[in-house]
Amino acid sequence: MNPAASIETRAGGDTGSRQFLVFSLGEEEYAIDILKVQEIRDYDHVTRISNAPDFIKGVANLRGVIVPIVDLRIKFRMQNAAYDTNTVVIVVNIGKRVVGIVVDRVSDVMTLTPEQMKPAPEFGVGLPLAYIQGLGDLGDRMLILVDIEKLLTSREMALVEEAGESRAA
Amino acid sequence: MDVSEFQDSFFEEAGELLDGMEAHLLALDLAQPDPEQLNAIFRAAHSIKGGAGTFGFEALQRTTHLLENLLDAARRGELKLRRDIVDIFLETKDMLDDQLDAYRQGQAPDPAALERICAVLQRLAHEEIGAAKAKAKPAKPAAKKSPAKKPAIAKPPKQSARKKSSTAQTSASGVPAWRVTLLGVNDKDRDLLIEELGHLGQIESRHSDGDRHEVVLASSESATDIEAVMCFIVEPEQLKIEAVVAEPAPEAEAPAPEPKPKPPAEPEAAIAASPGVDAKAASRPASTHTESSLRVPVNKVDHIINLVGELIITQSMLNQVVAKLDGPARANLVAGINLLERNARDLQEAVMSVRMVPMDHVFSRFPRLVRDLAAKLDKDVELVTEGRSTELDKSLTEQIVDPLTHLVRNSLDHGIENPDEREAAGKPRTGTLTLSAEHQGGNIVIEVSDDGAGLHRAKILAKARERGMNVSDAMSDEDVWQLIFAPGFSTAAQVSDVSGRGVGMDVVKRNIEGMGGHVEVASRAGHGTTTRVVLPLTLAILDGMSVRVGRETFILPVTTVIESLQPRDEDLHGTAGGDLLLKVREDYLPIVAVHEAMGVAEACADATRAIAVVVQGRGRRYALLVDELVGQQQVVVKNLETNYRKIPGVSAATIMGDGSVALILDVNDLCQIAANQKENGVFAGDVSDDRVIRSRMHAAHRSANHEPRSIH
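All values derive from a computational prediction rather than experimental measurement.

Enquirer: Just to check I follow, could you spell out the overall build of chain A for this structure?
Expert: Counting secondary structure elements, chain A contains three helices and eleven strands. Going from the N terminus to the C terminus, chain A shows its helices and strands as α-β-β-β-β-β-α-β-β-β-β-β-β-α. In chain A, buried positions account for 40% of the 169 residues.

Enquirer: Looking at this model, I keep getting lost on the overall build of chain B. Mind explaining?
Expert: In terms of regular secondary structure, chain B is built from 23 helices and 22 strands. In chain B, once contacts between residues fewer than 6 apart in sequence are set aside, the share between residues at least 24 apart is 69%.

Enquirer: Whenever I open this one, helix α13 (residues 330-355) of chain B confuses me. Can you help?
Expert: Residues lying three or four places apart along an α-helix face the same way, a consequence of the helix completing one turn every 3.6 residues. All names here are of chain B. Compared with an ideal rise of 1.5 Å per residue, which puts 26 residues at 38 Å, α13 spans 37 Å between its outermost C-alpha atoms and is within 8% of the ideal. Gln 348, Val 351 and Arg 355 are the residues of α13 that are buried. Tucked inside the fold, the buried residues of α13 contact α12 (298-323), β5 (356-358), β7 (391-393), α16 (394-415) and β12 (541-549).

Enquirer: Got a minute to help me understand unusual backbone geometry in this structure?
Expert: If a residue is not glycine, its phi is most likely negative; likewise, a peptide bond is most likely trans. Residues and elements named next belong to chain B. The residue Asp 378 is not glycine, and still its phi comes out positive at about 60°. Checked against the element boundaries, Asp 378 lands in the loop between α15 (366-377) and β6 (381-386). The exposure class assigned to Asp 378 is exposed, which follows from the 9 C-beta atoms found within 10 Å. Even without being glycine, Arg 585 reaches a positive phi, approximately 50°. Along the chain, Arg 585 turns up in the loop between β16 (580-584) and β17 (587-593). Here Arg 585 falls in the exposed class, since 5 other C-beta atoms lie within 10 Å of it.

Enquirer: I would appreciate a short explanation of the sheet that holds strand β15 (residues 572-574) of chain B in the present structure.
Expert: Adjacent strands of a sheet form backbone hydrogen bonds with each other and so pair up, either parallel or antiparallel. Residues and elements named next belong to chain B. Ordered in space as β14-β18-β19-β17-β16-β15, the six strands form an open sheet in which the pairing is mixed. In this open sheet, the two edge strands, each paired with only one partner strand, are β14 (561-565) and β15. When strand polarity is set aside, the average angle formed by the axes of neighbouring strands in this sheet is 35°. Alignment of β14 against strand β18 (residues 611-617), held across four bridges, turns out to be antiparallel. When the bridges of β18 are listed, Leu 565 appears paired with Ala 612.

Enquirer: How should the environment of Thr 531 of chain B be read in this particular structure?
Expert: Residues and elements named next belong to chain B. Counting through the fold element by element, Thr 531 comes out in strand β11 (residues 528-536). The class for Thr 531 is buried, based on 26 C-beta atoms found within 10 Å. Distance in space between the C-alpha atoms of Thr 531 and Ser 411 is 9.4 Å, their sequence separation being 120 residues.

Enquirer: How should I be thinking about the confidence of the model for chain A in this particular structure?
Expert: When pLDDT drops low, the exact placement of atoms in the prediction is not to be read closely. Here chain A shows a mean pLDDT of 80. Residues at 70 or above account for 83%. Across residues 1-13 of chain A, where pLDDT falls below 50, the model places seven contacts with residues more than four positions away in sequence or in other chains.

Enquirer: Would you mind going over the pairing of strand β7 (residues 97-103) of chain A with me for this structure?
Expert: In regular strands, side chains alternate between the two faces of the sheet. Residues and elements named next belong to chain A. Summarising burial for β7: five of the seven residues are buried, a large majority. When strand β5 (residues 65-71) meets β7, the two strands line up parallel, connected through three bridges. Residue pairing in the sheet places Ile 69 in a bridge with Gly 100 of β7. The pairing of strand β6 (residues 88-94) with β7 spans seven bridges and is antiparallel.

Enquirer: Looking at this structure, I do not really get the sheet that holds strand β4 (residues 56-62) of chain A. What am I missing?
Expert: Residues and elements named next belong to chain A. Ordered in space as β3-β6-β7-β5-β4, the five strands form an open sheet in which the pairing is mixed. Edge positions in the sheet fall to β3 (37-42) and β4, since each has one partner strand and no second. Within this sheet the neighbouring strands show an average axis-to-axis angle of 30°, counted without direction. As paired elements, β3 and β6 share five bridges and run antiparallel to each other. Directly across from Asp 42, in β6, lies its bridge partner Val 88.

Enquirer: Where do I start with the environment of Leu 79 of chain B in this structure?
Expert: Considering the arrangement of structural elements, one finds Leu 79 of chain B in the loop between α3 (58-75) and α4 (83-104). Residues Leu 79 of chain B and Glu 128 of chain B lie 49 residues apart in sequence; the distance between their C-alpha atoms is 6.3 Å.

Enquirer: Whenever I open this one, the confidence of the model for chain B confuses me. Can you help?
Expert: Residues and elements named next belong to chain B. Looking at chain B as a whole, the pLDDT averages 74, with 74% of positions reaching at least 70. Overall, residues 137-173 carries pLDDT values under 50, and its contacts beyond four positions in sequence, including any with other chains, amount to 74 contacts. Segment residues 494-502 is flagged for pLDDT under 50; beyond a separation of four residues in sequence, or across chains, it makes 21 contacts in the model. Overall fold confidence (pTM) sits at 0.51, and the ipTM for the predicted complex is 0.81.

Enquirer: Is there a simple way to explain the packing of α12 of chain B against α13 of chain B in this structure?
Expert: Angle between the axes and distance between the axes: these two values describe a pair of packed helices. Residues and elements named next belong to chain B. The geometry of α12 relative to α13 is characterised by a closest axis approach of 10 Å and an angle of 160° between their N-to-C directions. Our classification of the angle between α12 and α13 gives roughly antiparallel. Note that α12 runs across α13; the crossing there is left-handed. Here Val 301, Ile 304, Ile 305, Val 308, Leu 311, Ile 312, Gln 315, Leu 318, Asn 319 and Val 322 of α12 come into contact with α13, specifically with Leu 333, Val 334, Ile 337, Leu 340, Glu 341, Ala 344, Leu 347, Gln 348, Val 351, Val 354 and Arg 355.

Enquirer: Looking at this structure, I do not really get α16 of chain B. What am I missing?
Expert: The end-to-end C-alpha distance of α16 of chain B, which contains 22 residues, comes to 30 Å, matching closely the 32 Å that a straight helix rising 1.5 Å per residue would cover. Of all bends in α16 of chain B, the biggest is about 35°, found at Ile 400 of chain B, and the proline Pro 403 of chain B comes one to four residues later.

Enquirer: So what exactly am I meant to see when it comes to the packing of helix α2 (residues 35-55) of chain B against α3 of chain B here?
Expert: Residues and elements named next belong to chain B. Here α2 crosses α3 at 160°, and the two axes come no closer than 9 Å. Put simply, α2 runs roughly antiparallel to α3. The hand of the α2/α3 crossing is left-handed. Only Leu 60, Gln 61, Thr 64, His 65, Leu 67, Glu 68, Leu 71, Asp 72, Ala 74 and Arg 75 of α3 make contact with α2, whose side of the interface consists of Pro 35, Leu 38, Asn 39, Ile 41, Phe 42, Ala 45, His 46, Ile 48, Lys 49, Ala 52 and Gly 53. By residue class, the composition of the contact of α2 with α3 is eleven nonpolar, six polar and four charged.

Enquirer: In this structure, what is going on with the pairing of strand β3 (residues 212-218) of chain B? I would like to understand it.
Expert: All names here are of chain B. Bridge count for strand β1 (residues 177-183) against β3 is seven bridges, and the pairing is antiparallel. Looking across to β3, one finds that Leu 183 is bridged to Arg 212. Where strand β2 (residues 202-209) lies against β3, seven bridges are found, and the strand directions are antiparallel. Bridge pairing links Ser 205 to Val 216 in β3.

What counts and how
- Residues numbered from 1 in each chain as written.
- Chains lettered and ligands numbered in written order.
- Predicted model: local features only at pLDDT ≥ 70, side-chain atom pairs only at ≥ 80, totals over all residues.
- Helix = DSSP H or I, 4+ residues; strand = E, 2+ residues; numbered from the N terminus.
- Buried ≥ 20, exposed ≤ 12 C-beta atoms within 10 Å, placed from the backbone.
- Contact = placed C-beta atoms within 7 Å.
- Expected span 1.5 Å × (residues − 1).
- Pairing = 2+ DSSP bridges.
- Axes fitted to C-alpha atoms, helices over the stretch in contact; angles between N-to-C directions.
- pLDDT = per-residue confidence, 0-100.
- Parallel < 35°, antiparallel > 145°, perpendicular 65-115°, else oblique.
- Left-handed = near helix turned anticlockwise from the far one by under 90°.
- Bend = angle between axes of the 7 residues up to and from the residue.
- Nonpolar A, V, L, I, M, F, W, Y, C, P; charged D, E, K, R; others polar.

Listed below in structure tokens is the structure:
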């Protein structure tokens, strides 16, 4: 993350502007609230877990803490979910949990002014509308603002055990 | 002064005092009470009262005050203890617990309950002591204490917290003076104490001499009250309180509401307040503070354990690196690493031992429970505890209480018969319930056994049939007893409020399995039932055997492993259902292939080229097929559910030397998974859970995906 970005935040603090971490899944650019992001790390040493949906790649050791790793590209049915040198894991804090999400590339930290934040469209943009906070309009670029907390704690992500769900297989 | 920081230690200490009080009350021999025990009970009430006054917990203070008076009368022999009186004391103790809880949460205790218990105590005092005293010493002056309070008894009434502030304002001349000596108290505590003393009265002079600090205090509080205020900050040995003038003691104990008038001296009170204080201060802490100890929040200890865990991981990482090294420096490095390893292990053991607490902490809850329950059920029960000093991880002691309580209730309700029935069966009228704990290898074995009627085999089978469970008369006793762990299973003819709703045993079993243990039942009709709970000593670290399956590494808890062997073709026997049995000496053991249960690709499918690890799970033995045994090592148990969820067949995870995560297999769960997979005819990796999730996902995406995905 470049230093200029963090200066922008401070400047934009009062005006209702918010900072987002921008990442790519395939051709599209997504953005999540920077305050949810704990760190960014390489994709390695992920231990597969059995009987889990395919988009849950497994668990990894984050300095002594075991965190699940979710591949959003598989989750969103991207054609190409390859693991290369650009593939990174964004470690996010949602509620009391820590989860790693695999993305193709992290590009930027951006400050969006309220004018740049548009409401979510009526039609789909690759993931269910319920998890989209809005769109970021940068003129030539468009960012899809994802409500990462809502997405990761949702039922279909199967990351959180629900009450009444049986323990055993 | 901000006293709130001392509140926590007061709550803890008061809680312990109450527990001690209960233990003593239960142990009291009513015919011939041990004066030492009576004193201990009295002191507990007294100390709590002192603390309650300091922090302004009026309900607590009022209740303990009434209780203290009664206890004092009891230890003087003025109150003849009976079982119903002890019951009232126990009830009061429970009420005090509730009040403490309320204060701890910053709430006021239930006023109705307070009034009720106060009324009970006052009536008791009135009926039992008031009458006796009226005959013996009709002219007791202490009767001046406010009329709302109970009639006078020998113990001089203490003043309320509100009055403390008012006495502080009275002139020094009319008030007795105390010389309070502090020994070896650090500056910060000393200042706090002196400030605190200032609330009790007028500080007339102070001077220091090395670590000895003397304060002359004019206060109408009694020496014991002053001591009670201080004893939450300093140890009694550090504190000495003496009267400055010859006859101030009686005044100090003056029971009149206004401090100035001086009623005639009360001889008994004088004895209590003068030099006796020192002796008392020295004897009081005997139960809790015989050796110096340190109160540390559990999360701090857990943090240290985590750090040590990281150290162990780093250690094994170094081992791996060194193993690959070559060259002249290697020998020295290896020696150093070995030393480091030994130190790390010692450190680990030392830290783990900090978390260990004796089972006494658990067992001490049961005398009361057994007593109350036996009375309720009209049964005579004697509780025997064995192995109270057996140590167990603190977090486990907390979790084991509920299941054990359940088992004890069951034994009392269903196991032990009524005295008449027992007599008819040729057994002593008093039933015996035994709680025992002992170490066996890396486990602790806790047993709850009774000499009651035992489990009723026919009844259980009948009930099971009624519930449509698959049972037969040919089942072994052990299998029949396992039926009682089925959800909702109860053979009790009548549902009582003690037990019989059938919500019990399955919860007990689930709780214990959740702790990494298991539970077994043995029973003989007419001779009683023994429930055996086997738990690992600690949840934080376990001895693991690492095994390789395909390209994945799993950990098996060594405590579950019995042996390992390479199956020979002639020992493998297929069955009609596609199951494979392995003949080990005389036994045929079912085989569970880890790669099937855990859905591992590229694993060795040929059983004769794999390794069979014989394990003990859920009370039965079976063989796990793995590709290779890698080694044995201690592993740090990491919870998976913190950030993820329970994984079937896996109890937890750990971190290997190379920083990767390895899953710890749950031997109990694994045989269940294998059984389910066979029953459902599905293979691993495609279990029902997963399919449901996928179909949900498809449904969710259909709506989102029928529009063009990109809007660029």
